[in-house]
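Given next are the chains, with one letter for each unit.
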Amino acid sequence: MTDSNADRHLVIRGLRVAPIADPTREILQGIDLDVGPGEVHAIMGPNGSGKTTLAYALMGHPAYVVTGGEVTWLGRDVLALSADKRARLGMFLAFQYPTAIPGLSVASFIRSAVNAKLQGIDKNPDIDPTDSIKGGVSMLEFRRKMREKLALLKMDEAFVSRYVNDGFSGGEKKRLEMLQMAMLEPHMAILDETDSGLDIDALRIVAEGVNAMLNPDLGVLLITHYQRLLNHITPDVVHVLARGRIVASGGKDLALRLEDEGYGPILREAGLDIDVPDDALRLDEPAALAH
Ligand SMILES: Nc1ncnc2c1ncn2[C@@H]1O[C@H](COP(=O)(O)OP(=O)(O)OP(=O)(O)O)[C@@H](O)[C@H]1O
Ligand SMILES: [Mg+2]
């Protein structure tokens, strides 16, 4: 594999995606994106525009079928890889709706994810994750790293003994995502923020977590409804997604304009006749954030 800088960009060209149940009804209708290492790209857009579909398609969710276009990263045809291989290649997707796994502790869950990634995309048989002499991470080393990341994220150590998402609050689910990401040290993170139930605490956890992890090797695709999140995480590029297409891209000022004007004017400029109230964006914001 070559390791040129271009390879380290997540490049999405003309991506078209439909639900597997109805492959003729394309949700994404030609998405172009280029996320380089160290860059934070924010994707905003009204409800139902295709943001979550984009995140799922990038991780190979089985409910979606790619009907056109290509995605390359690290010299690989990402769309040809299984979801598992994409993760082992260093992509991370924080799920919009994580499921609960009663009986499995946060520590065990993260340890198996870290171990699975150790063997790399081609499952190097010389690496035995359970054997620290053969490239595995010893329990001691794992615990040390976990403590380090918990401290980085200002999280309580007791958290890792709890069962995955079992009775977790919205904020705790976000903490789990951030801890998982910190431990897996991905090079491309795709974060999808749910449109409801994300209170000011959860928003702060995501912002602080991502900021603590930003580094020149990490590319971030941050899908969000909340302009205010972008006051805490400074995006390099902001894209507006509507009706399955990116209709505008710009700097942080684009997010500020959206906060000011809502989606209406920008969508009309793009020639889209979408019935979105101009203050839709503000109505989306949790009340607690309005102050
Ligand atoms: N698996 C699916 N099967 C059928 N339709 C789907 C499926 N997933 C998404 N859709 C439809 O595609 C459109 C885009 O959905 P998506 O969840 O990607 O939007 P979104 O931009 O994430 O919205 P929100 O802001 O509400 O999170 C919606 O009309 C949705 O109903
Ligand atoms: Mg969504």
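Structural data are supplied above this passage.
What comes next concerns the included structure. Please read all numbers here as calculations on a predicted model, not as lab measurements.

Along its length, the protein carries 10 helices and 12 strands. Counting every position in the protein, which comprises 291 residues, the buried fraction comes to 35%. Partitioning the contacts of the protein with sequence separation of at least 6, the portion at a separation of at least 24 is 68%.

On to the packing of helix α3 (residues 106–118) against helix α5 (residues 170–184), then. Where α3 meets α5, the closest approach of the two axes is 10 Å, and the angle between their N-to-C directions is 35°. Crossing handedness for the pair α3 and α5: right-handed. Contact with α3, carried on its side by Val106, Ile110, Ala113, Val114 and Lys117, involves Leu176, Leu179, Gln180, Met183 and Leu184 of α5 and no other residues of that element. Classifying every residue of the contact of α3 with α5 gives eight nonpolar, one polar and one charged.

In the vicinity of ligand 1 lie 14 residues, with Pro19, Asn47, Lys51, Thr52 and Thr53 positioned nearest. Looking at the shell around ligand 1, the element that brings in the most residues is helix α1 (residues 51–59), giving three residues. Grouping the amino acids of the shell around ligand 1 by side-chain chemistry returns four nonpolar, eight polar and two charged.

Here we take up the sheet that holds strand β1 (residues 10–19). Strands sit in the order β2-β1-β4-β5 across an open sheet of four strands; the sheet is antiparallel. Every interior strand has two partners, whereas the edge strands, β2 (28–35) and β5 (76–77), have only one. Note that β1 and β2 share six bridges and pair antiparallel. Note on β2: the bridge partner recorded for Val11 is Asp34. Helix-sheet contacts for α1 involve β1, β2 and β4 (64–73), and the interaxial angle to β4 is about 70°.

Spatial ordering of the open sheet is given by β6-β9-β10-β3-β11-β12, a layout of six strands whose pairing is mixed. In this open sheet, the two strands that pair with only one neighbour each are β6 (91–94) and β12 (245–250). Neighbour to neighbour, the strand axes of the sheet diverge by 15° on average, direction disregarded. Two elements, β6 and strand β9 (residues 188–192), share four bridges in a ladder whose sense is parallel. Paired with Leu93 across the two strands is Ile190, which belongs to β9.

Conventions used here
- Residues numbered from 1 in each chain as written.
- Chains lettered and ligands numbered in written order.
- Predicted model: local features only at pLDDT ≥ 70, side-chain atom pairs only at ≥ 80, totals over all residues.
- Helix = DSSP H or I, 4+ residues; strand = E, 2+ residues; numbered from the N terminus.
- Buried ≥ 20, exposed ≤ 12 C-beta atoms within 10 Å, placed from the backbone.
- Contact = placed C-beta atoms within 7 Å.
- Axes fitted to C-alpha atoms, helices over the stretch in contact; angles between N-to-C directions.
- Left-handed = near helix turned anticlockwise from the far one by under 90°.
- Nonpolar A, V, L, I, M, F, W, Y, C, P; charged D, E, K, R; others polar.
- Near = placed C-beta within 6 Å.
- Pairing = 2+ DSSP bridges.

All we've got here are geometric facts, nothing functional implied.
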